[in-house]
Amino acid sequence: MWEGRARSARREIAALATSGLGVEALHAAAIEVIAGVVTSELTCWASLDPGTLVISSMTSGRERIPPEYEPLLAQTEYAGDVPNSFAELARRAQGVARMSDLPHREVVGHRRLNEVWRPLGLDQEVRTTFLVDGDCWGAAGFVRAGTDFSDREVEFLAAVAPAIGAATRVAVRTDAHGYRGGVGPSIVVTGPNGDPRAVTAAAQIWQDELDQIAPGRFAVLLQAVVTGTRVSESGTFQARVQTVSGGWVLLQGSRLISDDDQSEVVVTIEPASGQHLVNMLLAAYGLTAREREICLEVISGHTTTEIADRLSISPHTIQDHLKAAFAKVGVRSRGELVATLRPDDLTIGC
C-alpha cells in the first residue's frame, strides 16, 4: 500500500515538474500531494541553494507558523549546533530524520523543540531533504502533536524526496530565467541581537517587497544571514533568495571588527545577476562537475585551446563535454549556452 502511494505521489510530482511552475508554486502543489499520506499540523518547505545549502524560498502549508516564531527557526537553521538542520541532513546519505530518533539528551535540549514547537503545543517532527544527482534543492519539515511519525511515513518521504528534488531543480530554471532585476544595492547594519540598527532607503524597498511574500519575511531572512555570518569562520555569509516577483536577490553578511564586544553585522542587498546565479543554473541543468567547469570557462570567454591549457585536458575531450552540456541545456552553440546561463551577458569569446 505504501509503495503504491509513493508511486502515485511521484507521478503527480513529475506532472507538476512539466507544468512550468516556479519553485514556490510547485512546493505549494506538492505539499497537497504529500499531505494525503503524511499528516501534520504545520509544514514548511524550503528551496535550498545547492552551492551553499542556504534557504532561498519558503512555502508553508495551509497553516502557517506564527510570524513571531520564524526568526527563532532561522536561528536554529544556521547556528551550527542544532541537530537535524536542513544543511546537516543534506550532507547525509539518508536525508530523512525524526527528532525522536536523536539521542535522548539531544531531544531534551533541542532548541527548535523547546523554543518553537512546544510553545505551539507540538512535540513531533520529521524532516526531509530533496536531493537529486548529489545536489540538494530543497527540504521540508513536518510537525504535529501526540503520535510520532511512523516508519512507513519516513519511508514514504524517502521514496518521494528525489522526485521533489528533480521537480524543484526544473522550477529553479523557470524562476532564474524569469528574473527582471530590482532596485539597487542597499545596506542594513544589525546589532548584537540581529535587529536592524540602521537601514538605507533602498533596503526598506527590499523589505517591502520580501514582506509581500509573508509579513515579517525580511526579518526572518535577515536573522538567518546574521546568524550564519556570526558562526562563519570567515566572518562572511551569502544567501540567494527569491522575491515576490520570482526574481532573485543576493544578501551578503560581513562581521564588523570593533574594539568592543558589540558584534555588529553589515548586510548588503542587491539584485542577483546572471553571475550570481550561474553555478546554481549549471546544477539545475544536471551538468556533471567537469561539464560545469568547462562551461564556466566558456562563460569567461576562453577558447578551446585556452581551456585545454588551463584544465590540462585535450581539446577533443573538451568538445565531448560541451556537446553533452549543450544537449542538457538545450542549446546548439557556445553563444546560446552563455545566453541561457548568463542572460545579462551580451558578448562571448570565440
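Here the structure is shown first, and the text comes after it.
Procedures and definitions
- Numbering of residues starts from 1 in each chain and follows the order in which that chain's sequence is written.
- In view of the model being predicted, local features appear only for residues whose pLDDT reaches at least 70, and side-chain atom pairs are presented and counted only at 80 or more, with totals across whole chains, interfaces and linings using the full set of residues.
- Neither water nor hydrogens contribute to the side-chain values; these are computed over all heavy atoms in the structure.
- Helix and strand definitions here come from DSSP, where helices need a minimum of 4 consecutive H or I residues and strands a minimum of 2 consecutive E residues; each element is numbered from the N-terminal end.
- Computation of the radius of gyration draws on C-alpha atoms alone. For the globule rule, the value is 2.2 Å times the number of residues to the power 0.38.
- A 1.4 Å probe rolled over the protein chains alone gives each residue an accessible area, and that area as a share of the maximum for its type sets the label: buried under 20%, exposed over 50%, partly exposed in between.
- Residue contacts are counted whenever heavy atoms from the two residues lie within 4.5 Å of one another.
- Where accessible areas are quoted, they stem from the Shrake-Rupley method and a 1.4 Å probe; at the residue level, only the protein chains shown are allowed to cover.
- In a helix, the anticipated span is given by 1.5 Å times the number of residues less one.
- Comment: arc refers to directions from the helix axis out to C-beta atoms.
- Throughout, nonpolar core names a set of buried Ala, Val, Leu, Ile, Met, Phe, Trp, Tyr and Cys residues whose side chains join them through atoms within 4.5 Å.
- Whenever Lys or Arg places a side-chain nitrogen within 4 Å of a carboxyl oxygen from Asp or Glu, that contact is recorded as a salt bridge.
- Note on pairing: two strands pair once DSSP finds at least 2 bridges between them.
- Fitting a line to C-alpha atoms yields each axis, with helices limited to the stretch in contact; the angle taken between N-to-C directions then spans 0 to 180 degrees.
- Roughly parallel means an angle under 35 degrees; roughly antiparallel, over 145; roughly perpendicular, 65 to 115; everything else is oblique.
- Throughout, a crossing is termed right-handed when the near helix is turned clockwise from the far one, and left-handed when it is turned anticlockwise from it by less than a right angle.
- Nonpolar residues are Ala, Val, Leu, Ile, Met, Phe, Trp, Tyr, Cys and Pro. Charged residues are Asp, Glu, Lys and Arg, and all others, Gly as well, are polar.

J.: Would you take a moment to explain the overall build of the protein chain for this structure?
T.: What the protein chain contains, in helices and strands, is 14 helices and 10 strands. What you see for the protein chain is a C-alpha radius of gyration of 21 Å, in line with the 20 Å of a compact globule of 350 residues. For the protein chain, the spread of C-alpha atoms along the principal axes amounts to about 60 × 60 × 35 Å. Burial status across the protein chain gives 49% buried among its 350 residues. In the protein chain, the proportion of contacts linking residues at least 24 apart, taken out of those at least 6 apart, comes to 61%. Accessible area for the protein chain stands at about 15500 Å²; split by element, carbon and sulfur atoms hold 52% of it.

J.: Help me understand helix H2 (residues 23-35), please; the structure alone is not making it clear to me.
T.: Between its terminal C-alpha atoms H2 stretches 18 Å, which fits the 18 Å expected from 13 residues at 1.5 Å a residue. What H2 keeps buried is the set Val23, Leu26, His27, Ala30, Ile31, Val33 and Ile34. Along the long axis of H2, the arc covered by the buried residues comes to 160°, so they all point the same way.

J.: What am I meant to see in the nonpolar core here?
T.: If you look at the biggest cluster of nonpolar residues, it comprises 45 residues, and the most contacted ones within it are Trp117, Leu251, Val267 and Ile269. Judged by nonpolar contacts, the second largest core, of 38 residues, contains Val23, Val33, Leu157 and Val160.

J.: Mind showing me how you'd approach the pattern of salt bridges here?
T.: Side chains that differ in charge, positive against negative, can pair when their charged atoms come close. Taken as a whole, this structure holds 19 salt bridges when the rule is applied. In this structure, Arg290 and Glu293 form a salt bridge, with 2.8 Å as the shortest nitrogen-oxygen distance. Remark: Glu293 and Arg290 occur in helix H11 (residues 289-299); sequence separation between them is 3 residues, near one turn of the helix. Since its relative accessible area comes to 33%, Glu293 is described here as partly exposed.

J.: Could you clarify how one ought to interpret the sheet that holds strand S8 (residues 236-242) in this entry?
T.: The strands making up a sheet associate through backbone hydrogen bonding, with each pair oriented either parallel or antiparallel. Strand order in this open sheet of 5 strands is S7-S6-S10-S9-S8, and the pairing throughout is antiparallel. For this open sheet the edge positions go to strand S7 (196-199) and S8, each flanked by a neighbour on one side alone. Taken pair by pair, the neighbouring strands of this sheet meet at an average axis angle of 20°, ignoring direction. Strand direction decides the pairing type here: S8 and strand S9 (residues 248-255), joined by 7 bridges, are antiparallel. Opposite Gln242, over in S9, you have Trp248 as the bridge partner. Packing of helix H9 (residues 217-231) onto the sheet brings it into contact with strand S6 (186-190), S7, S8, S9 and strand S10 (265-271), and relative to S9 it is tilted by some 40°.

J.: What should I look at first to understand the packing of helix H1 (residues 2-17) against H2 in this one?
T.: The relative placement of two packed helices comes down to the angle between their axes together with the axis-to-axis distance. Contact pair H1 / H2: the axes reach a minimum separation of 10 Å and the direction vectors enclose 165°. The pairing of H1 with H2 is recorded here as roughly antiparallel in orientation. Between H1 and H2 lies a crossing of right-handed hand. Facing H1, whose interface residues are Ala9, Glu12, Ile13, Leu16 and Ala17, H2 presents Leu26, Ala29, Ala30, Val33 and Ile34. When the residues that make up the contact of H1 with H2 are grouped by side-chain class, the tally is 9 nonpolar, no polar and 1 charged.

J.: Honestly, unusual backbone geometry in this entry has me stumped. Any pointers?
T.: With the exception of glycine, the majority of residues adopt a negative phi angle, and the majority of peptide bonds are in the trans configuration. Phi is positive for Asp133, which is not a glycine, with a value near 55°. By secondary structure assignment, the location of Asp133 is in the loop between strand S4 (124-132) and strand S5 (135-144). With a phi angle near 60°, Ser312 is a residue other than glycine that sits in the positive phi range. Within the secondary structure, Ser312 is located in the loop between helix H12 (304-311) and helix H13 (315-329). Classification of Ser312 by relative accessible area gives exposed; the value is 66%.

J.: What is the right way to look at the sheet that holds strand S3 (residues 96-98) in this model?
T.: Within the open sheet, the 5 strands sit side by side as S2-S1-S5-S4-S3. Their pairing is antiparallel. Looking at which strands have only one partner, the edges of the open sheet turn out to be strand S2 (55-60) and S3. Averaged over neighbouring strand pairs, the angle between their axes works out to 15° when direction is ignored. As judged from the 6 bridges shared by strand S1 (residues 42-48) and S5, these two strands associate in the antiparallel manner. For Trp45, the partnering residue across the bridge sits in S5 and is Ala140.

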